[in-house]
Amino acid sequence: MDDDFRSVTDIAALELGAAPRDDHTDRVELVTLVRFATGDGVLAFGSRAAAWRVCTLLGTQLKTPGRVAVIEPRARPRWQVRVAEATGVRIRLGLLDPRGGGRRVQGLPPEVIARLDQDAAAIARAGFLATGTIHLTGPVPRLQITCPTLAVALAVAGALRRVGAVAGVRHHERTGAEQVTVAGIDAVATALAAIGAPRAAQRMRVRWDDRRRSRAYSATGKLTAANAGRAQQAAVIQVAAVRAALGVLGDRVPDHLVAIAELRLQHPQAGMGALGRLATPPLSKDTVAGRLRRLIALAERHTTQSDTTETS
């Protein structure tokens, strides 16, 4: 499928899945990805890219074969990586705390955190593959990664900062999850390029520019339509006022005012400039507007004087 029909998130995921790494980087990426996985007997992910990447890395790093299966494909799909022993995988990767009764560590293993400066790109890349999304709605683009715990969120945010992207952490009240956010076109592009997705970063910039131009064009179109509507409404009101003025004044209207009034009635949608060009001799739009105002004012004065006379 062409990039024009993929989201920037999908483009980045495909690019990251194909990027070359070394053996140590692969290990860090596998540890981080499995920390994002849910489930006990299986490793479950909300991202297809994360599931396939874990399946590949399990074979190269742990010599453990895995198989990807999809569940709930019609609602909210989840991808499972089925291995012989998911608990054993977590133990070998240092993700279960032996001192805590075999519970999962709150963040990432100490040996990964100790090398955060060197392995920042691998940690941020794994976090993005697991739950990352890029949003091009709103005032600025955003890259968001939903993390299972606050400790994991802090580690991912720290990794993003070390690759040059300013990242913040906030607690999502509705879901209870911790969310890492990078906001701004330059910050998101920097993060994508640093973790191995420069093509996605460029594509995001193109789409964001297209979206901005589209919004500007839409706003201009709405303003133009609103102005046209107001002008049309004003013309309708003016035509009615001119017709009423001629009815009130009868043959007491000066010839030059009669001429412009007849043009107004014959061309109800024309602007002042267009009426002026139709006049003989041609008139400026200010002259046309002034004569129509004088005609209406003359009728109003005549009506007022008639009311006063009748009252007296």
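Computed from a predicted model, the values in this text were never measured in an experiment. (Residues numbered from 1 in each chain as written. Predicted model: local features only at pLDDT ≥ 70, side-chain atom pairs only at ≥ 80, totals over all residues. Heavy atoms only, no water.)

A look at the sheet that holds strand 6 (residues 133–135)
Then, number 1: Strand order in the open sheet made by the four strands is 6-7-9-8, with antiparallel pairing throughout. The two strands at the open ends of the sheet, each matched to only one other strand, are strand 6 and strand 8 (168–171). Neighbouring strand axes in the sheet, compared pairwise and without regard to direction, differ in orientation by 30° on average.
Then, number 2: Contacts between helix 7 (residues 150–162) and the sheet are confined to strand 7 (142–147), strand 8 and strand 9 (178–183), with strand 9 contributing the most and set at about 15° to the helix. (Pairing = 2+ DSSP bridges. Helix = DSSP H or I, 4+ residues; strand = E, 2+ residues; numbered from the N terminus. Axes fitted to C-alpha atoms, helices over the stretch in contact; angles between N-to-C directions. Contact = heavy atoms within 4.5 Å.)

Overview of the layout of surface pockets
Then, number 1: Of the pockets and cavities examined, the largest pocket occupies roughly 1,100 Å³.
Then, number 2: Lining the largest pocket are 35 residues, and of these Gly-46, Ser-47, Ala-130, Thr-131 and Gly-132 lie nearest its centre.
Then, number 3: Mapped onto the lining of the largest pocket, the elements with two or more residues apiece are helix 1 (8–18), strand 1 (43–45), helix 3 (48–61), strand 3 (78–82), helix 6 (116–131), strand 6 and strand 7.
Then, number 4: Ranked by residue count, the leading element in the lining of the largest pocket is helix 1, at five residues.
Then, number 5: Broken down by class, the residue content of the lining of the largest pocket amounts to 15 nonpolar, 14 polar and six charged. (1 Å grid on protein atoms, 1.4 Å probe; cavity = no way out; pocket = protein on both sides within 12 Å on 5 of 7 lines; lining within 4 Å. Points joined across faces, edges and corners; volume = space filled by probe spheres on them. Nonpolar A, V, L, I, M, F, W, Y, C, P; charged D, E, K, R; others polar.)

Concerning the sheet that holds strand 2 (residues 67–71)
Strand pairs in the sheet, formed through backbone hydrogen bonds, run parallel or antiparallel to each other.
Then, number 1: Here three strands make up an open sheet; going across it, the order is 1-3-2 and the pairing antiparallel. Each edge of the open sheet carries a strand with a single partner, namely strand 1 and strand 2. Pairs of neighbouring strands in the sheet enclose a mean axial angle of 25°, with direction left out of account.
Then, number 2: Relative to strand 3, strand 2 is paired through five bridges, and the arrangement is antiparallel. Bridging across to strand 3, Val-68 finds its partner in Val-81.

Concerning helix 10 (residues 255–266)
Then, number 1: If you check helix 10, its first and last C-alpha atoms are 16 Å apart, about what twelve residues at 1.5 Å a residue would give, namely 16 Å.
Then, number 2: Among the residues of helix 10, Leu-257, Ile-260, Ala-261, Leu-263 and Arg-264 are the ones counted as buried. Summarising the axial view, the buried residues of helix 10 lie within an arc of 160°, below the 170-degree limit, and thus occupy one face. Residues of helix 10 that are exposed and point over 90 degrees away from its buried face: Asp-255 and Gln-266. (Expected span 1.5 Å × (residues − 1). Buried < 20%, exposed > 50% of the residue type's maximum accessible area, 1.4 Å probe, protein only. Arc of directions from axis to C-beta.)

A look at the environment of Arg-162
Then, number 1: By secondary structure assignment, the location of Arg-162 is in helix 7.
Then, number 2: The class of Arg-162 is partly exposed, set by a relative accessible area of 45%.
Then, number 3: As a C-alpha pair, Arg-162 and Asp-119 span 43 residues in sequence and 9.5 Å in three-dimensional space.
Then, number 4: If near-sequence neighbours (up to four positions away) are discounted, Arg-162 is found in contact with Leu-116, Asp-117 and Ala-120.
Then, number 5: Within the structure, the side chain of Arg-162 is placed 2.4 Å from the side chain of Asp-117, a separation counted as a polar contact. (Polar contact = N/O pair within 3.5 Å; in protein donor to acceptor, adjacent residues only side chain to side chain.)

Re unusual backbone geometry
Then, number 1: Of note, the amide linkage connecting Thr-280 to Pro-281 takes the cis form, showing an omega dihedral of -5°.
Then, number 2: Mapping Pro-281 onto the fold places it in the loop between helix 11 (272–278) and helix 12 (285–311).
Then, number 3: Although it is not a glycine, Lys-63 adopts a positive phi angle of roughly 55°.
Then, number 4: With respect to the element layout, Lys-63 can be found in the loop between helix 3 and strand 2.
Then, number 5: Judged by its relative accessible area of 65%, Lys-63 is exposed.

Regarding the pairing of strand 9
Remark: a regular strand shows side chains that alternate across the two faces of the sheet.
Then, number 1: Taking burial as the measure, the six residues of strand 9 include five buried ones, the bulk of the element.
Then, number 2: In terms of strand pairing, strand 8 meets strand 9 through four bridges, oriented antiparallel. Across the sheet, Val-169 pairs through a bridge with Val-180, a residue of strand 9.

Section: the packing of helix 2 (residues 23–36) against helix 3
Then, number 1: With their axes 10 Å apart at the nearest point, helix 2 and helix 3 run at an angle of 130° to one another. One element, helix 2, and the other, helix 3, form an angle in the oblique class. Crossing of helix 2 over helix 3 shows left-handed handedness. Every residue of helix 3 that contacts helix 2 at Asp-23, Asp-26, Arg-27, Glu-29, Leu-30, Leu-33 and Val-34 is listed here: Ala-50, Arg-53, Val-54, Leu-57, Leu-58 and Gln-61.
Then, number 2: Each residue belonging to the contact of helix 2 with helix 3 can be placed in one class, and the counts come to seven nonpolar, one polar and five charged. (Parallel < 35°, antiparallel > 145°, perpendicular 65-115°, else oblique. Left-handed = near helix turned anticlockwise from the far one by under 90°.)

What about the nonpolar core?
Then, number 1: Judged by nonpolar contacts, the single largest core of 69 residues is most densely connected at Val-81 and Leu-192.
Then, number 2: If you tally residues by element for this core, the top one is helix 6, at nine residues.
Then, number 3: Among the nonpolar cores identified, the runner-up in size contains 15 residues, and Leu-249, Val-288, Leu-295 and Ala-299 belong to it. (Core = buried A, V, L, I, M, F, W, Y, C linked by side-chain atoms within 4.5 Å.)

Treat this as a map of the structure, not an account of what it does.
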